[in-house]
Amino acid sequence: MKNHSLSGSLMVLGAAVLWGTTGTAQSLAPPHLSAYWIGALRLAVAAAFFALYTVCTEPRRQWWQDLHRLRWSEVWLAGACIAGYNLAFFAGVKASGVAIGTAIALGSGPVWAGLLQWLVLRHTPRPAWWLGTLLAVSGGSWMVLGGGPQQAFSLHGTLLCLAAGLGYAGYALLNQRLVQAASPATATLGVFGAAALLAVPVALGLSGGIRMAATDVMVVGYLGIVTTGISYLLFSHALRRIASATAVTLALAEPLVAFVLAVWLLHEPAPWTAYAGLTLVLAGLACVIVAEMGAKPSTKI
C-alpha cells in the first residue's frame with residue numbers, strides 16, 4: 001500500500017509539473033483570446049483528448065459499461081466544479097492581481113480539501129498533513145507575493161479566488177468517487193465533457209464571439225492537451241491511490257515549477273523570499289507524502 005501511496009504522490013507531482021508550464025507557454029506565445037475563452041476552450045480540447053484517448057486505449061464494451069456505471073449527478077457536479085474553478089480563477093486573478101489571486105486560489109484549495117474530507121468523509125487528515133499543508137501554503141504565498149502586491153485589496157476578487165479553490169477541492173473529492181466506479185480515462189472524459197458544455201456558453205456570454213489567431217490555436221492546443229488532458233489524467237489515476245486532500249496539497253508543486261521556469265527560461269528576477277518560499281513548499285510536500293504513506297487504506301476513499 002505504501003508503494004501505491006508513493007506512486008500516487010508522484011503522479012500528482014508529475015501533473016503539477018505540467019500545470020506549472022502554463023504561464024511560461026502563454027508568455028512565449030501570448031494569446032489574443034480573452035481569459036474566459038482560454039479557460040473554456042482548454043476544457044473543450046481536453047474533453048476531445050480524453051474521448052480520443054478512451055476510444056484508442058480501452059475496448060468499446062469496457063468504456064461503454066464504465067459510462068453506465070458513473071453516477072451522472074456526480075459527473076455534472078464535478079464538471080460544474082472544474083468549470084467554476086477555471087472561470088472563477090481567471091476572473092479572480094483579473095480583479096485581485098496575479099500574485100494575490102494565485103496565492104488565494106491555490107492556497108485555499110488544500111484547506112477546502114481538508115475541510116471537505118472531514119465534513120463529507122468524516123475523516124480528519126493526519127497532523128503531518130496539516131503541518132505539510134501549512135508549510136506548502138505559506139511557501140507558495142511567499143513565492144507569488146515576494147515581489148509585493150500588484151493591486152489593492154479586492155473583496156470581489158478575493159471571493160472569486162476562494163470560490164476557485166473550493167471548486168478545485170470539490171472536483172478532487174468527487175472525482176475520487178468517480179474513478180472508483182469507472183476507469184480514470186472514462187471518468188475524466190465525463191467530467192471534462194460536462195465542464196466544457198457548461199463553460200463555453202458562459203464564455204460566450206461574458207466575452208462575445210471568438211476570433212483565433214495562429215498563436216491562440218497553439219496555446220489553447222498546448223493548454224488543452226498537455227496542461228489539462230495529460231495532467232488531469234495523471235491526477236485521476238492518482239486519486240485511486242491517495243486521498244483527495246493529499247492530492248490537492250501536492251498540487252502546490254505547480255507554483256514551484258512555474259517559479260523555476262520563470263527564472264531559468266524567462267530570466268525573471270526573484271527576491272530572496274521566493275527562494276525561502278520554495279524551501280517551505282518542498283518541506284511541506286515531503287510532510288504530506290510521509291503522512292499519506294502512513295495513512296490507513298480505508299481513509300483514502
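See the structure shown above.
Since the model is a prediction, treat every value here as computed from it, not as a measurement.

**Examining the nonpolar core**
Okay, so step 1: In this structure, Tyr-171, Phe-192, Tyr-232 and Phe-235 are the most contacted members of the largest nonpolar core, which totals 85 residues.
Okay, so step 2: Per-element tally for this core: the top contributor is helix H5 (residues 72–96), with 12 residues.
Okay, so step 3: Contacts of Phe-235, omitting those with residues within four sequence positions, involve Val-12, Ala-15, Trp-19, Tyr-168, Tyr-171, Ala-172 and Ala-247.

**A few points about the side chain of Thr-249**
Okay, so step 1: Tracing the sequence through the fold places Thr-249 in helix H11 (residues 244–250).
Okay, so step 2: A distance of 3.2 Å separates the side chain of Thr-249 from the side chain of Thr-133, its partner in a polar contact.
Okay, so step 3: Look past the residues within four positions of Thr-249 in its chain and what remains in contact with it is Pro-110, Trp-129, Thr-133, Leu-285 and Val-288.

**A closer look at the packing of helix H3 (residues 35–57) against helix H9 (residues 184–207)**
In a pair of packed helices, the angle between the axes and the distance between the axes together describe the arrangement.
Okay, so step 1: For the pair H3 and H9, interaxial distance at closest approach is 8 Å and the crossing angle is 155 degrees. Here H3 lies roughly antiparallel to H9, going by the angle between them. Along this stretch, H3 crosses H9, giving a crossing that reads as left-handed.

**Notes on the packing of aromatic side chains**
Okay, so step 1: Overall, the coordinates contain 15 aromatic pairs when judged by the stated rule.
Okay, so step 2: Arranged with centres 5.6 Å apart and planes meeting at 65 degrees, the rings of Phe-49 and Phe-50 form a pair that is edge-to-face. No difference in accessibility class separates Phe-49 from Phe-50, as the two residues are buried.
Okay, so step 3: Residues Trp-129 and Trp-130 carry aromatic rings whose centres are separated by 4.6 Å and whose planes lie at 85 degrees to one another, so their mutual orientation is edge-to-face.
Okay, so step 4: By relative accessible area, Trp-129 is classed as buried at 2%.

What counts as what
- Residues numbered from 1 in each chain as written.
- Predicted model: local features only at pLDDT ≥ 70, side-chain atom pairs only at ≥ 80, totals over all residues.
- Heavy atoms only, no water.
- Core = buried A, V, L, I, M, F, W, Y, C linked by side-chain atoms within 4.5 Å.
- Buried < 20%, exposed > 50% of the residue type's maximum accessible area, 1.4 Å probe, protein only.
- Helix = DSSP H or I, 4+ residues; strand = E, 2+ residues; numbered from the N terminus.
- Contact = heavy atoms within 4.5 Å.
- Polar contact = N/O pair within 3.5 Å; in protein donor to acceptor, adjacent residues only side chain to side chain.
- Axes fitted to C-alpha atoms, helices over the stretch in contact; angles between N-to-C directions.
- Parallel < 35°, antiparallel > 145°, perpendicular 65-115°, else oblique.
- Left-handed = near helix turned anticlockwise from the far one by under 90°.
- Phe/Tyr/Trp six-rings, centres within 6.5 Å; stacked < 30°, edge-to-face > 60°.

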